[in-house]
Amino acid sequence: MKMAITKTLFVVYMLLFGRLSADDGDRYSYDSKLLEKVIRLELKVEEMQKKLEASQERMESFITDQTTIFKNKTDEVEIKGDVPLVAFNAYSPVDVSPDTSEIIVWRNTLVNEGNGYDTVLGLFTAPVSGLYFFAVHSCVYTSTALQYAIVLDHNIVGRTYQYEDSSYHCSSLNTITMVKEGQRVWVKCTSGSTSNQMFEHDSYGKSSFIGVLLHK
């Protein structure tokens with residue numbers, strides 16, 4: 001539309017102020033084509049400008065969205081950061097042939113953050129209330145049975161029976177449970193034996209008792 005109006009005004013001008021000679025006609029044709037190219041170029045520039053503005057708006061929207069997501073994730077991490085570090089990894093049982101109902105005491109700790117595990121009594125005392133994960137990894141001799149349980153203040157929260165008649169064998173028991181501050185957790189033998197049941201070997205495996213606070 002803009003190009004048609006411009007060409008019309010140019011013709012009217014030539015009719016009012018002079019006659020169009022053959023040369024003038026050629027010049028008009030050249031000027032008209034040049035003008036048409038200029039107008040097309042202007043239209044393309046305007047179109048590019050609109051696309052650029054639209055692209056800039058999308059980019060600004062994307063940056064705003066990503067900033068919001070990052071802030072939410074940061075807030076989430078900060079909230080999780082309020083959970084205190086409570087974790088222990090105890091190993092090497094004092095008695096490798098425990099009696100029935102005997103607490104299995106682990107003499108060493110690789111980790112004891114929060115000082116919750118007692119290597120003398122074999123008890124973990126929760127320093128804070130929350131959701132905890134506990135696991136026992138036990139290694140037994142060939143053709144030897146081991147029965148034990150994870151106990152929370154005299155209530156069994158996990159138990160297992162372990163036996164292998166062909167070779168030394170290691171297996172694990174784990175549980176997730178709510179523990180209140182001050183409550184105690186330990187590992188108890190549920191069926192004792194007079195012969196050695198558990199073994200410690202650098203090449204074959206070692207028995208251990210671990211726990212960690214998941215959520216406060």
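No experiment lies behind these values; they were computed from the predicted model shown.

Asker: Could you give an account of the side chain of Asn-112, with specific residues and numbers?
Answerer: With respect to the helices and strands, Asn-112 occurs in strand 2 (residues 106–113). Every residue in contact with Asn-112, bar those within four places of it in the chain, is listed here: Ala-87, Phe-88 and Tyr-117.

Asker: So what's going on with the sheet that holds strand 5 (residues 130–140)? Residues and values would help.
Answerer: Read from one edge of the open sheet, 5 strands run 2-1-10-5-8, paired in antiparallel fashion. In this open sheet, the two strands that pair with only one neighbour each are strand 2 and strand 8 (169–179). The sheet shows a mean angle of 15 degrees between the axes of neighbouring strands, taken without regard to direction.

Asker: Describe the sheet that holds strand 6 (residues 146–152), naming the residues involved and giving the relevant values.
Answerer: Pairing in this open sheet of 5 strands is antiparallel, and the strands run 3-4-9-6-7 from one edge to the other. Two strands lie at the open edges of the sheet, namely strand 3 (117–118) and strand 7 (155–162), each paired on one side alone. The pairing of strand 4 (residues 123–125) with strand 9 (residues 184–191) spans 2 bridges and is antiparallel. Counterpart to Thr-125 in the pairing with strand 9 is Arg-184.

Asker: Now, about empty space enclosed by the protein: what can you tell me, with residues and values included?
Answerer: Inspection of every chain in the model, using the stated rule, returns 1 cavity of 30 Å³ or more. Volume-wise, the largest cavity comes out at about 30 Å³. As for the largest cavity, its lining consists of Pro-93, Val-94, Asp-95, Pro-98, Glu-102, Ile-103, Ile-104 and Val-105.

The rules behind these values
- Residues numbered from 1 in each chain as written.
- Predicted model: local features only at pLDDT ≥ 70, side-chain atom pairs only at ≥ 80, totals over all residues.
- Heavy atoms only, no water.
- Helix = DSSP H or I, 4+ residues; strand = E, 2+ residues; numbered from the N terminus.
- Contact = heavy atoms within 4.5 Å.
- Pairing = 2+ DSSP bridges.
- Axes fitted to C-alpha atoms, helices over the stretch in contact; angles between N-to-C directions.
- 1 Å grid on protein atoms, 1.4 Å probe; cavity = no way out; pocket = protein on both sides within 12 Å on 5 of 7 lines; lining within 4 Å.
- Points joined across faces, edges and corners; volume = space filled by probe spheres on them.

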